[in-house]
Amino acid sequence: MFDGFLDDLKRMNKRQFLYQVLSFGMIVSSALMIWKGLMVFTGSESPIVVVLSGSMEPAFHRGDLLFLTNYEEEPVRVGEIVVFKIEGRDIPIVHRVLKLHEKNNGTIKFLTKGDNNSVDDRGLYAPGQQWLEKSDMVGRARGFLPYVGMVTILMNEYPKVKFAVLACLGLYVLVHRE
Amino acid sequence: MHSLLSRGNSVLAYTLSVLVTLTFACFLSTILVDYRTGTEMKTLKIEVKNLPEYGVILWDKIILRGENANLRLKNMRTKYYFWDDGNGLRGNKNVTLTLSYNIIPNVGRLPIVGAIGSHTFSFPSEYTR
């Protein structure tokens, strides 16, 4: 009778374990779905970015979170805050559009500047690059949430923290029983 | 059941969810705000359609919360070069100066608001000294 009980518990544990693995997979895949869904709805390849530099102070500080949209039909305007990528740099830059010229065929070129920088961004662009084009743009800032991105900055600067947090979360989800 | 850890956990979770809810409410509250002053929209919209969108920032200023936002400026010089990439400025009969401001809230939408009123002038067709 006791043996049967142990056996039962063992089997239950196995199922329970599988169940936990499945729910862990659910969490991961729904996070991915939300991210990809946001990409579809905003038209931006990276709908949420973390501000990594102080070049837009006092508007944005390090660790602030920005929501981006990148709709084709909405034209870029001077004064808007855009996020763009430069060839040879993997970190996107958040700066304000200073000058914008549109040609008759609809193509635009623009120059940006950080609010906290005294000069425009030509020095940041790829060598020889004078203007940004629409293809360089990741999106334009539409929403603002302070401080929240500090978590990702912490995790990126101290990879050990990231692994510790991930391990704790994974272990918790796998072991914890309702 | 009522260990220090579980109590700490629930306090933390509760605090977090309250903060998230409040922040979200603040975010929502910025969506419908109309920051324009007055409603003289008819005279404001002097947009010429089917023309390329050109824009150059000539001057800007950052006003922090609590600072004097009632600006009275005279004989200002441009802060940035008034340059066109091309030759669209000389002899241009429709150069319009407008003021717009970008509001950065504590949390929420980042609106760009056009101020009411503008000034249109034309550039001479010859360079002067």
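A quick note: this is a predicted structure, and the numbers were derived from the prediction, not measured.

1. Focus: the overall build of chain A
Now for step 1: A tally of helices and strands in chain A yields three helices and seven strands.
Now for step 2: The C-alpha atoms of chain A give a radius of gyration of 23 Å, which is well past the 16 Å a tight globule of 178 residues would have.
Now for step 3: Principal-axis analysis of the C-alpha atoms places the extent of chain A at approximately 85 × 35 × 30 Å.
Now for step 4: Sorting the 178 residues of chain A into buried and exposed places 35% on the buried side.
Now for step 5: Across chain A, the fraction of contacts at a sequence separation of at least 24, relative to all contacts at a separation of at least 6, is 55%.
Now for step 6: Summing over all exposed atoms, chain A offers an accessible surface of approximately 11300 Å²; the carbon and sulfur share of this is 64%.
Now for step 7: Across chain A, the mean location of the 21 positive side-chain charges is 2 Å away from that of the 20 negative side-chain charges.

2. Quick word on the domain arrangement of chain A
All names here are of chain A.
Now for step 1: Per the domain assignment, the segments of chain A are domain 1 (1–42), domain 2 (48–146) and domain 3 (148–177).
Now for step 2: Listed as interface residues are seven residues of domain 1 and, on the opposing side, five residues of domain 3.
Now for step 3: Between domain 1 and domain 3 lies a buried interface of about 530 Å² when both sides are counted; carbon and sulfur atoms form 68% of it.
Now for step 4: Interface area lost by domain 1 to domain 3 is led by Gln16, Gln20 and Phe24, which between them contribute 68%.
Now for step 5: There are zero salt bridges connecting domain 1 and domain 3.
Now for step 6: Across the contact surface, domain 1 and domain 3 share zero residue pairs in polar contact (both at pLDDT 80 or more).
Now for step 7: Looking at side-chain class alone, the side of domain 1 that touches domain 3 contains three nonpolar, four polar and no charged residues.

3. Some thoughts on the pairing of strand β3 (residues 81–84) of chain A
Residues and elements named next belong to chain A.
Now for step 1: Residues Ile81 and Val83 of β3 are buried on one face, and the alternating residues Val82 and Phe84, pointing to the opposite face, are buried as well.
Now for step 2: Relative to strand β4 (residues 93–102), β3 is paired through four bridges, and the arrangement is antiparallel. Bridging across to β4, isoleucine 81 finds its partner in arginine 96.
Now for step 3: Sheet topology note: the β3/strand β7 (residues 137–145) ladder contains three bridges and is antiparallel. Within the sheet, the bridge partner assigned to valine 82 lies in β7 and is arginine 140.

4. Concerning the interface of chain B and chain A
Now for step 1: On the chain A side, the residues contacting the 24 residues of chain B number 31 residues.
Now for step 2: Our enumeration of links across chain B and chain A arrives at zero salt bridges.
Now for step 3: Here chain B is connected to chain A by six residue pairs in polar contact (both at pLDDT 80 or more).
Now for step 4: Elements represented by at least two residues in the side of chain B that touches chain A include exactly α1 (4–29), β1 (55–56) and β4 (108–109) of chain B.
Now for step 5: Pairing geometry for β4 of chain A and β1 of chain B, over two bridges, is antiparallel. Across the sheet, leucine 100 of chain A pairs through a bridge with glycine 55 of chain B, a residue of β1 of chain B.

5. Description of the pattern of salt bridges
All names here are of chain A.
Now for step 1: This model, assessed by the stated rule, comprises seven salt bridges over all chains.
Now for step 2: Across the pair glutamate 80 and arginine 140 runs a salt bridge whose closest N-O atoms are separated by 3.5 Å. Here arginine 140 lies in strand β7 and glutamate 80 lies in the loop between β2 (65–69) and β3, a separation of 60 residues in the sequence. Each member of the pair, glutamate 80 together with arginine 140, is buried.

Scoring rules and cut-offs
Residues numbered from 1 in each chain as written. Chains lettered and ligands numbered in written order. Predicted model: local features only at pLDDT ≥ 70, side-chain atom pairs only at ≥ 80, totals over all residues. Heavy atoms only, no water. Helix = DSSP H or I, 4+ residues; strand = E, 2+ residues; numbered from the N terminus. Rg over C-alpha atoms; globule rule 2.2 N^0.38 Å. Buried < 20%, exposed > 50% of the residue type's maximum accessible area, 1.4 Å probe, protein only. Contact = heavy atoms within 4.5 Å. Areas by Shrake-Rupley, 256 points an atom, 1.4 Å probe, with all protein chains shown as cover. Lys, Arg positive; Asp, Glu negative; His and termini not counted. Charge placed at Lys NZ, Arg CZ, Asp CG, Glu CD. Domains from an automatic or database assignment. Buried area = accessible area lost by both parts, 1.4 Å probe. Salt bridge = Lys/Arg side-chain N within 4 Å of Asp/Glu carboxyl O. Polar contact = N/O pair within 3.5 Å; in protein donor to acceptor, adjacent residues only side chain to side chain. Nonpolar A, V, L, I, M, F, W, Y, C, P; charged D, E, K, R; others polar. Pairing = 2+ DSSP bridges.

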